[in-house]
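# A closer look at the structure
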Amino acid sequence: MINDRLIDAGDVPLAVRDFGGDEPPLLLLHGAGGNLAMMTTLARALRPHHRVITVDLRGHGRSGEGAWTSWDTALGDLAAVCVQMEIERPAVVGHSLGGMLAALWGQRHPEAPGVVSLDGNPPPTSPDQLPGLDPEKAAAELARLHAVFDQVETQAGQVIEADQLADLVERQRAAARDMGANEKVWIEGFRRNLAHENGETSIRPSAAVTTQLRTLMNSLDLGPVYAGTSCPELVVLATRNLPAQEPFAELYEAHRRYLLEQVRAAGHPRYLQLADASHAMVIEQPAVLAGLITDFLRGE
């Protein structure tokens, strides 16, 4: 039986979805701008082998509007989920932002049975993270990319006019079809991030949370995190661009080289470059990922 509940994490209520079962517990974490509903297909694929618990991270979905002032704040939320859901030593699997949290959890919890990052990497911020690109060109491409990120940040949390909502939902349905995703799950994920307050509707996360997340991710170096982790760890890397990344194809190809070098240099994690997978791998290949995760956590 799937059970939704709201738990008290101190300053922020957190929405969780428990997929049930008696198998070893697994926390499954979404990316920035997402919510727990977007992990449903992967959660279902993992459920035969794990008690899967998904979480709306603070500032997302149905969880409270908590600030992202440090990584420890979000990790404390996950610890509160473990306490209140009465789970011990969970595996932690995350996509994108959730993958960064999984890596940080593994560094701090050597007793964990395993952590898995599904393309959980900070964005490139300096030319030395773009090997193979001329430094001058790399700097110019980074400036162009961050101008796009600046624009996204300015649009975060904007109010949606009532007469625009139906059109937005239809566009989401079309996006689900284009991606080959479960349309019902996709629309639940979209609606779950709608905030209704004082007669107005906006999309979460808020502008403040978006800015805070961007600051945290831009300053995160996963190299020392990987090297300082002793529990089993798997890093799954994308191998191709999303359509939105194509205007920056050279930059992202170079950054994928950097990410591969980084995980190899750390020495500790197992890693895999997933064939024909973009950053949206959770949508593209949930069954494949479930098999990889299950085999890894079994020690195979």
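Preceding block: the structure.
Notes on the structure in this doc start here. The model shown is predicted, which means the values in this text are computed figures rather than measured ones.

Taken in spatial order, the eight strands line up as β1-β2-β4-β3-β5-β6-β10-β11 in an open sheet, and their pairing is mixed. Pairing within the sheet leaves two strands with one partner each, and these edge strands are β1 (3-8) and β11 (270-273). Each strand axis lies, on average, 20° off the axis of its neighbour in the sheet, ignoring direction. Where strand β2 (residues 13-18) meets strand β4 (residues 51-55), three bridges bridge the pair, whose relative direction is antiparallel. In the sheet register, Val16 faces β4, and the bridge partner there is Val55. Seen against the sheet, helix α3 (residues 97-108) touches β3 (25-29), β5 (91-95), β6 (115-118) and β10 (233-237) and runs at an angle of roughly 150° to β5.

On to unusual backbone geometry, then. The omega torsion across Arg204 and Pro205 is 0°, close enough to zero to call that bond cis. When you line up the elements, Pro205 lands in the loop between β9 (200-203) and α7 (207-218). The residue Arg89 is not glycine, and still its phi comes out positive at about 50°. Within the secondary structure, Arg89 is located in the loop between α2 (71-84) and β5. By relative accessible area, Arg89 is classed as partly exposed at 49%. For Ser96, which is not glycine, the phi dihedral falls at a positive 60°.

Looking now at helix α9 (residues 249-266). The end-to-end C-alpha separation of α9 is 26 Å, in line with the 26 Å expected for 18 residues at 1.5 Å each. Where α9 is concerned, the buried positions are Leu251, Tyr252, Ala254, His255, Tyr258, Leu259, Leu260, Gln262, Val263 and Ala266. Tucked inside the fold, the buried residues of α9 contact α4 (135-155), α8 (222-227), β10 and β11. Just downstream of α9 lies Gly267, where phi reads positive at about 85°.

Procedures and definitions
Residue indices begin from 1 for each chain and proceed along its sequence in written order. This being a predicted model, a pLDDT of at least 70 is required before a residue's local features are given, and a value of 80 or more before pairs of side-chain atoms are given or counted; all residues contribute to the totals for chains, interfaces and linings. Think of the side-chain values as coming from all heavy atoms in the structure, minus any hydrogens and water. By this definition, two strands are paired if DSSP reports at least two bridges between them. Under the DSSP-based scheme used, a helix requires at least four consecutive residues in state H or I and a strand at least two consecutive residues in state E, with every element numbered from the N terminus. Each axis is a line fitted through C-alpha atoms, taken for helices only over the stretch in contact, and angles between the N-to-C directions span 0 to 180 degrees. Should any heavy atoms of two residues lie within 4.5 Å, those residues are considered in contact. Here the term buried applies to any residue with accessible area under 20% of the maximum for its type, exposed to any over 50%, and partly exposed to those in between, with areas from a 1.4 Å probe on protein chains only. Expected helix span is taken as 1.5 Å per residue step, with the number of steps being one fewer than the number of residues.

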